[in-house]
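# A closer look at the structure
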Amino acid sequence: MSNLNLKICILRSGRKGYEIAQQLGWHPTKLSQIISGVYLPDEEDKRLLANAIGTSVTNIFQNIKDQENL
């Protein structure tokens with residue numbers, strides 16, 4: 001299930017996904033998989049991603065668990 005919150009946060013940051021991935025030392029595919037919902041990052045990666053974008057973990061991942069229970 002796609003993470004629309006993450007897509008919006010990236011757009012609002014004014015940066016490209018590959019730029020954020022590069023800052024984090026990640027391959028762009030990793031970020032793409034998080035956005036598409038193929039990969040759910042661990043708590044540390046969530047925190048790093050939120051800091052890189054300039055938002056909170058809650059803003060990015062707040063509805064993911066709710067969506068998984070549907």
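Here the structure is shown first, and the text comes after it.
For the structure given in this document, a descriptive report is provided here. (Residues numbered from 1 in each chain as written. Predicted model: local features only at pLDDT ≥ 70, side-chain atom pairs only at ≥ 80, totals over all residues. Heavy atoms only, no water.)

This brings us to the nonpolar core. Residues Leu6, Ile20, Leu31, Leu49, Ile53 and Ile60 are the most contacted members of the largest nonpolar core, which totals 16 residues. Put simply, the parts of the chain that give this core at least two residues each are helix H1 (4–13), helix H2 (17–24), helix H3 (28–36), helix H4 (43–53) and helix H5 (57–61). Looking at this core element by element, the count peaks at four residues for H4. Excluding its chain neighbours within four sequence positions, the residues that come into contact with Ile53 are Leu6, Cys9, Ile10, Ser13, Ile20 and Ile60. (Core = buried A, V, L, I, M, F, W, Y, C linked by side-chain atoms within 4.5 Å. Buried < 20%, exposed > 50% of the residue type's maximum accessible area, 1.4 Å probe, protein only. Helix = DSSP H or I, 4+ residues; strand = E, 2+ residues; numbered from the N terminus. Contact = heavy atoms within 4.5 Å.)

Listed as buried for H1 are Leu6, Cys9 and Ile10. The buried residues of H1 occupy an angular sector of 100° when projected down its axis, which confines them to one face. Set apart from the buried face of H1 by more than 90 degrees, the exposed residues are Leu4, Leu11 and Arg12. Those residues of H1 hidden inside the fold are in contact with H2, H3, H4 and H5. At the N-terminal end of H1, a side-chain oxygen is found 3.2 Å from the backbone nitrogen of Asn5, two or three residues along, and the residue is Asn3. Looking at the residues trailing H1, positive phi occurs at Gly14, about 80°. (Arc of directions from axis to C-beta. Polar contact = N/O pair within 3.5 Å; in protein donor to acceptor, adjacent residues only side chain to side chain.)

Interpretation in functional terms is not warranted from these geometric data alone.
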